[in-house]
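Remarks on the overall topology
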Amino acid sequence: MVNLFLILSLTSQAVTVGMPFLKLGVGARPVAMGEAFSAVADDANAMFWNPAGMGTMDHLDVSLMFMNLYGNVTYTSGATVFPLSRRRKISMGAALAYLSATDTLRDEEGRTQGEFSLYDALGSAGVGWQLNRYVSLGASAKFIASKIYNYHAYSLLGDFGLKVKPTKYLYLGLVLQHLGTPRRFIYDIELAPTTVRGGLALFFPFKGSHLLFASDLAWPIDDPPTVSVGGELKIYLSPEGGTGSSGLAIRGGYRSGYHLGTWGGFSFGLGYEYEFTRVLHLTLDAVYFSYGFLGGSERLSLGVNFRPN
């Protein structure tokens, strides 16, 4: 890595930190909790937040997210995690993400020449391994393909995670995100926003329901560190016979780093889970995240959990 930065510094090409779409929170549930999810990472969103979380999962989980940002920007993602070996406690995961937008094309004097499209696409595969009852490890590889106007750029990145459960009620997480090759648009070289993220979560189960508190500290290479805090209250309603039970979730959180209004950085979300059969659970999660004066964004996530007996 030191040699890479030395080589780049000796060139005459501009070097900046780019790929800003990698900083957008994925998944309605993690974002609703203020993006404090590195120690939680217990569903398919672990592919985006901490691949070590896959090692703690012994069932198939699928999640799809739809996001609308500022009207002309859309972001769609999907992830799945499935057990590869329950005996050895190894799980695999895969994820896709696609951000698209349009912008105005102008000439050198600022006159409008029409519109052009741009996109960022991500494909990822990973593995998680639960070493013992306390420690899980995980890693994922990500291929990035981007287009602006008629120009393309590519990058290969990796995430490396650790998840520790020292007690029944405490989870710890540590992850290195977006480490890898830069991308190049014509003469400009962009580094990925490599980030070190760590967090803790407190889990309190009661009568089949639970209360969850979490906090993260994230430090990207191009910005000051940010702090995230969030919580989740999930209440399960179980009618006689079990099948047909449902769960309601209320979530809220805050992420620092937004200073564009009183409510910048705050999030609020709701979730609903329905037991379609004893092994098939369907989930629906929604969140509103405020960017202050810039407005807000809504994310909607659909999930399928297959939990064999």
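Structure: above.
Here the focus is the nonpolar core. By size, the foremost hydrophobic cluster in this structure holds 46 residues, and its most contacted members are Phe-21, Phe-48 and Tyr-75. In this structure Tyr-75 touches Phe-21, Leu-24, Val-26, Met-65, Phe-66, Met-67, Ala-97, Tyr-98 and Leu-99, once residues within four positions along its chain are discounted.

On to the pattern of salt bridges, then. When their charged atoms lie close together, side chains carrying opposite charge are able to pair. For the structure shown, the criterion picks out 13 salt bridges. Among the salt bridges present, the one from Asp-43 reaches Arg-29, with a minimum N-O distance of 3.0 Å. Here Asp-43, found in the loop between α2 (28-32) and α3 (46-49), pairs with Arg-29, found in helix α2; they are 14 residues apart in sequence, far enough to count as distant. Grouping residues by exposure puts Asp-43 and Arg-29 together as buried. Close ionic contact of Arg-183 with Asp-120 constitutes a salt bridge, the shortest N to O distance being 3.0 Å. You can see Arg-183 sitting in strand β9 (residues 183-185) and its partner Asp-120 sitting in strand β5 (residues 112-130), a full 63 residues away along the chain. With respect to burial, Arg-183 and Asp-120 carry one shared label: buried.

Scoring rules and cut-offs
- Residues numbered from 1 in each chain as written.
- Predicted model: local features only at pLDDT ≥ 70, side-chain atom pairs only at ≥ 80, totals over all residues.
- Heavy atoms only, no water.
- Core = buried A, V, L, I, M, F, W, Y, C linked by side-chain atoms within 4.5 Å.
- Buried < 20%, exposed > 50% of the residue type's maximum accessible area, 1.4 Å probe, protein only.
- Contact = heavy atoms within 4.5 Å.
- Salt bridge = Lys/Arg side-chain N within 4 Å of Asp/Glu carboxyl O.
- Helix = DSSP H or I, 4+ residues; strand = E, 2+ residues; numbered from the N terminus.

It is worth stressing that arrangement in space is one thing and function is another; only the former is reported here.
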